[in-house]
Amino acid sequence: MGVFRVSFTIAADPPPRLDKALARDVPAEAALSRTRLARLIAEGAVAVNGTVVDTPKARVAAGDLVEIALAEIHESHIGPEAIRLDVVFEDDHLIVVNKPAGLVVHPAPGSPSGTLVNALLAHCGESLSGVGGVKRPGIVHRIDKETSGLLVVAKSDAAHHGLAAQFEAHSAERYYRAVVYGVPDASDPRLRGIKGVSFEPGNILKLTTQLARHKTDRQRQAVLFAGGRHAVTRARVVERFGTPATLALVECWLETGRTHQIRVHLAHAGHGLVGDPTYGGRRKLPLRALPGAAIEAVQTFPRQALHAAVLGFDHPVTGVAMRFEADLPGDMRDLLTALRKPVQ
């Protein structure tokens, strides 16, 4: 494998540490993230004035000559596959796709192929400039296999670093639409008795807990109040269905982004998602509240009724604010149509 070198001079008034100085002064066209630079230092790929320096805390001075040895970008071990993609936006740095339900984001032991990453490798081809030294798309957030909606994926190391920083800081905007059992309402005394549940002005449901992998079922997440990872979800009712109301279309937005967060949080509040086999369950609906066709539509809905409808972030290279919206997919539109029909 070939090696090429990136050479540059430390500018005036550098930060006291090598890693911070490199992050400031490395040429933008090298597209090296802070994470990648730290790894290159540890690997002995960074020389200052001809001497290899492998500690990130080493001091540098203005005028020092830095050389970084980079291996040529190598191909990913994941193979490209011609899978149709709904591309919402794409440029040299990133791509935004509207993922259909049923598509896994990244290969895993249970899904070694046929994933979004396989599709992106085929679609992007040579436009992938490499993430972490590998020609691959940079996944910075995920949605579950059976959840539909918007995802942004990096095509370069610089974009990957910039997007990951926004998701880590929880500054990216993410709104979801979900159909749930029951109607979350501040007037419900049952909700007031559930730990971690509160309401904000405007009848906005707020769920604040810790989340961690379930102790006995490794496919599930569990709500905790000690240990685990901090998680905050908000939701408001958009539309009610049934007489009396027995289901609702809700809009959810994330302050944090944990695995299964919306699904497990709403189930904790007693408002599990329709069609969710892991958390929502199959509930018996009152026969007189909804028409028979609506009850059948709910009971046979094949996946969790959850759609990532809005995605907003700052472009990691240009800094331009970006915001995308994706309409509900056909199966969720059909479900809502059935729920809106009056009882005969």
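Above this text sits the structure in question.
What you are looking at is a predicted structure, and each value in this text was computed from that prediction instead of being measured.

**A closer look at the overall build of the protein chain**
- Helices and strands together make up the secondary structure of the protein chain, namely eight helices and 18 strands.
- Its C-alpha atoms give the protein chain principal-axis dimensions of roughly 80 × 45 × 40 Å.
- Classification of the 344 residues of the protein chain by burial places 47% in the buried group.
- The contacts of the protein chain with a sequence gap of at least 6 include a subset with a gap of at least 24, amounting to 65%.
- Mean positive and mean negative side-chain charge positions of the protein chain (41 and 35 charges, respectively) differ by 10 Å.

**Let's talk about the packing of aromatic side chains**
- Considering all chains together, one arrives at three aromatic pairs under this definition.
- For the ring pair Phe-89 and Phe-324, a centre distance of 5.7 Å and an interplane angle of 40° mean the geometry is tilted. One end of the pair, Phe-89, is in strand β6 (residues 87-90); the other, Phe-324, is in strand β18 (residues 321-325), and 235 residues separate them in sequence.
- Its relative accessible area of 25% is what places Phe-89 among the partly exposed residues.
- Site record: aromatic cluster; members linked through ring pairs are Phe-89, Phe-313 and Phe-324.
- Its guanidinium or amino end placed over the ring of Phe-225, Lys-195 lies 4.6 Å from that ring's centre, counting from NZ or CZ.

**Some points on the nonpolar core**
- Judged by nonpolar contacts, the single largest core of 37 residues is most densely connected at Leu-116, Leu-120, Tyr-176 and Leu-266.
- Elements that contribute at least two residues to this core include exactly β7 (94-99), α3 (116-124), β10 (148-154), β11 (173-181), β13 (204-213), β16 (247-254), α6 (261-268) and β17 (306-314).
- Sort the elements by how many residues they give to this core and α3 lands first, with six residues.
- With near-sequence residues (within four places) excluded, Leu-266 lies in contact with Val-180, Leu-205, Leu-207, Val-250, Cys-252, His-271, Gly-272 and Leu-273.

**Notes on the environment of Pro-291**
- Relative to the helices and strands, Pro-291 resides in the loop between α6 and α7 (292-300).
- Residues Pro-291 and Gly-312 lie 21 residues apart in sequence; the distance between their C-alpha atoms is 38 Å.
- In this view, Pro-291 contacts Ala-338, Lys-341, Pro-342 and Val-343; residues no more than four positions away in its chain are not counted.

**A word on the pattern of salt bridges**
- One pass over the full model with this rule turns up 16 salt bridges.
- Residues Glu-200 and Lys-206 are paired through a salt bridge, measuring 3.9 Å at the closest nitrogen-oxygen approach.
- Taken together, the salt bridges that share partners define one network made up of Glu-200, Lys-206, Arg-234 and Glu-255.

**So, empty space enclosed by the protein**
- Inspection of the entire model under this criterion finds one cavity of 30 Å³ or more.
- Quantified by volume, the largest cavity comes out at close to 30 Å³.
- In terms of lining residues, the largest cavity is bounded by Pro-184, Phe-199, Asn-203, Leu-205, Ala-235, Arg-236, Val-237 and Val-250.
- Top contributing element to the lining of the largest cavity by residue count: strand β15 (residues 229-241), with three residues.
- A breakdown of the residues in the lining of the largest cavity according to their chemical character gives six nonpolar, one polar and one charged.

**Observations concerning the environment of Pro-107**
- By the secondary structure assignment, Pro-107 is in the loop between β7 and α3.
- Pro-107 sits in the buried class, given a relative accessible area of 18%.
- For the pair Pro-107 and Asn-118, spaced eleven residues apart in sequence, the C-alpha separation works out to 8.0 Å.
- Excluding anything up to four places from it in sequence, Pro-107 contacts Ile-78, Pro-112, Thr-115, Val-117 and Asn-118.

**Here's the deal with the layout of surface pockets**
- There is about 1,500 Å³ of room inside the largest pocket.
- Those elements that place two or more of their residues in the lining of the largest pocket are α4 (157-168), β11, β13 and α6.
- For the lining of the largest pocket, the element with the highest residue contribution is α4, accounting for four residues.
- Residue composition of the lining of the largest pocket, grouped by class: 19 nonpolar, 16 polar and 13 charged.

**What to know about the side chain of His-141**
- Tracing the backbone shows His-141 in the loop between β9 (138-139) and β10.
- Residue classification places His-141 among the buried positions, given a relative accessible area of 8%.
- Here Val-152 takes part through its backbone nitrogen, which lies 3.0 Å from a polar atom of the side chain of His-141.
- If sequence neighbours within four positions are ignored, His-141 has contacts with Leu-150, Leu-151, Val-152, Phe-167, Arg-174 and Leu-311.

Analysis parameters
- Residues numbered from 1 in each chain as written.
- Predicted model: local features only at pLDDT ≥ 70, side-chain atom pairs only at ≥ 80, totals over all residues.
- Heavy atoms only, no water.
- Helix = DSSP H or I, 4+ residues; strand = E, 2+ residues; numbered from the N terminus.
- Buried < 20%, exposed > 50% of the residue type's maximum accessible area, 1.4 Å probe, protein only.
- Contact = heavy atoms within 4.5 Å.
- Lys, Arg positive; Asp, Glu negative; His and termini not counted.
- Charge placed at Lys NZ, Arg CZ, Asp CG, Glu CD.
- Phe/Tyr/Trp six-rings, centres within 6.5 Å; stacked < 30°, edge-to-face > 60°.
- Lys NZ or Arg CZ within 6 Å of the ring centre and 35° of its normal.
- Core = buried A, V, L, I, M, F, W, Y, C linked by side-chain atoms within 4.5 Å.
- Salt bridge = Lys/Arg side-chain N within 4 Å of Asp/Glu carboxyl O.
- 1 Å grid on protein atoms, 1.4 Å probe; cavity = no way out; pocket = protein on both sides within 12 Å on 5 of 7 lines; lining within 4 Å.
- Points joined across faces, edges and corners; volume = space filled by probe spheres on them.
- Nonpolar A, V, L, I, M, F, W, Y, C, P; charged D, E, K, R; others polar.
- Polar contact = N/O pair within 3.5 Å; in protein donor to acceptor, adjacent residues only side chain to side chain.

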